[in-house]
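# Fold and geometry: a report
Spelled out from the first residue to the last, the chains are:
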Amino acid sequence: MIRAGPGHEPLGGEEMHLPGTPARPRCRARDDRGAAALEFALVSLLLITLVFGIIEFALLLRDHVAVTSAVRAGARIASAEAGAGKADCIATPCTPGAAPKLAQDAADAIQRAGSAMPKDSIDELWVYKANASGFPGAATSMDTATCSTNCVRFRWRDASDRFVYVDGSWDSRSIAACAGADTDAVGIYMKATHKFITGLFGASMGVFDRAVMRFEPLPTDSCQANKPIGGGGHQ
């Protein structure tokens, strides 16, 4: 390396190097590569978290849609069977005669409809007489509702591959199904547990929905509630 003499500064004030003379180490390039690697690691972590979050949300949405579709399918079947009468004991454990046949038929319809959601995720299925607000009994929300009066509760049993009766009763003869504003309504409520895969949003989350439909009218000579057959009542 040559330095210019006094009064003869190199152009731009830079040092001059002879050919073949080693230059000073260039650390800036290595620093840039290290910063790029760090930035890539941080961005990759954010992207991976975002992808897993999208997957978790998609699976949660799948289960929500499955529950919504299931309760609607059950309500359609139940609303068409106001005069189906008492449940028949054709499977073990069976739905007792204290419950209407429409309840077991609704549960069976949900099973036959199939679902992308694992069946063992389903906690409970209620079939109930809906009040003016669409809830069981005198409840004003499902948070405070209980399946006690005019309500039948089912649970999924893997061994039987079907919904089985747990408890509850509903006299089928008490259903009013005459054409008009006084026609009773049936509600289907399903509660399930969605299990997260990655744990980003916790271990699990409850998924639930309900569907309420009015009963399809029966003939005028057999549509009244709590009347004997032949006197305006039905089974």
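Remember, it's a predicted structure, so these values are computed and weren't measured experimentally. The numbers attached to residues start from 1 for each chain and follow its sequence in the written order. In keeping with the predicted nature of the model, local features appear solely for residues at pLDDT of at least 70, side-chain atom pairs appear and are counted solely at 80 or more, and the whole-chain, interface and lining totals rest on all residues. Only hydrogens and water are set aside; all other atoms, that is, all heavy atoms of the structure, feed into the side-chain values.

In this section: the state of the cysteines. Two cysteine sulfur atoms form a disulfide, by the criterion used here, when they sit within 2.5 Å. Enumeration according to the criterion identifies two disulfides in this entry. Through a disulfide, Cys147 is tied to Cys151; the S-S separation comes to 2.0 Å. A torsion of -105° about the S-S bond marks the disulfide between Cys147 and Cys151 as left-handed. To sort residues, take the accessible area from a 1.4 Å probe on protein chains only and compare it with the maximum for the residue type: under 20% means buried, over 50% means exposed, and anything in between is partly exposed. For Cys147, a relative accessible area of 14% puts it in the buried group. Accessibility expressed as a relative area gives 0% for Cys151, which makes it buried.

What follows deals with the sheet that holds strand E3 (residues 162-169). Strand order in the open sheet made by the five strands is E3-E2-E1-E4-E5, with antiparallel pairing throughout. Each edge of the sheet is formed by a strand with only one pairing partner; in this case those strands are E3 and strand E5 (204-214). Each adjacent strand pair in this sheet contributes to an overall mean axis angle of 20°, direction not counted. Sheet topology places strand E1 (residues 122-130) next to strand E4 (residues 185-195); eight bridges connect them, and they run antiparallel. Looking at the pairing, Leu125 lines up with Met190 of E4. A contact between two residues is defined here by any heavy atoms of the two lying within 4.5 Å. To obtain each axis, a line is fitted to C-alpha atoms, and for helices this fit is confined to the stretch in contact; angles are then taken between N-to-C directions over 0 to 180 degrees. We count a stretch as a helix when DSSP gives it H or I for four or more residues in a row; a strand needs E for two or more, and each element gets its number in order from the N terminus. Contacts from helix H2 (residues 101-113) reach E1, strand E2 (151-157), E3 and E4, with the element oriented near 150° to E3. Two strands qualify as a pair provided that DSSP identifies no fewer than 2 bridges between them.

Attention shifts here to the pairing of E2. Working note: regular strand, side chains alternate between the two faces of the sheet. Along E2, five of the seven residues are buried, which leaves the element largely enclosed by surrounding structure. As defined by bridge partners, E1 adjoins E2 across four bridges and the pair is classed as antiparallel. Along E2, the bridge assignment pairs Leu125 with Phe154. Looking at chain direction, E2 and E3 are connected through seven bridges and run antiparallel. In the strand pairing of E3, Val152 is matched with Gly168. In this antiparallel pair of consecutive strands, E2 and E3, the connection spans four residues, and Asp161 shows a positive phi of 55°.

Distance thresholds for patches are 9 Å for like charges and 5 Å for nonpolar side chains (Val, Leu, Ile, Met, Phe, Trp, Tyr), applied to residues having over 30% relative accessible area and no salt bridge. A 1.4 Å probe and the Shrake-Rupley method give the accessible areas. Residues count as covered only by the protein chains that appear here. In what follows, salt bridge is the name for a side-chain nitrogen of Lys or Arg lying within 4 Å of a carboxyl oxygen of Asp or Glu. Taken together, the side chains of Ile48, Val51, Phe52, Ile55, Leu200 and Phe201 make up a nonpolar region of the molecular surface, amounting to roughly 550 Å² of accessible area. Note on placement: Val51 falls in helix H1 (residues 28-79). Overall, Val51 belongs to the partly exposed group, its relative accessible area being 46%.

A few words now on the pattern of salt bridges. Applying the stated criterion across every chain yields a total of eight salt bridges. Here Glu124 and Arg155 are joined by a salt bridge, their closest N and O atoms 3.4 Å apart. Taken as a pair, Glu124 in strand E1 and Arg155 in strand E2 lie far apart in primary sequence, 31 residues in all. Since its relative accessible area comes to 38%, Arg155 is described here as partly exposed.

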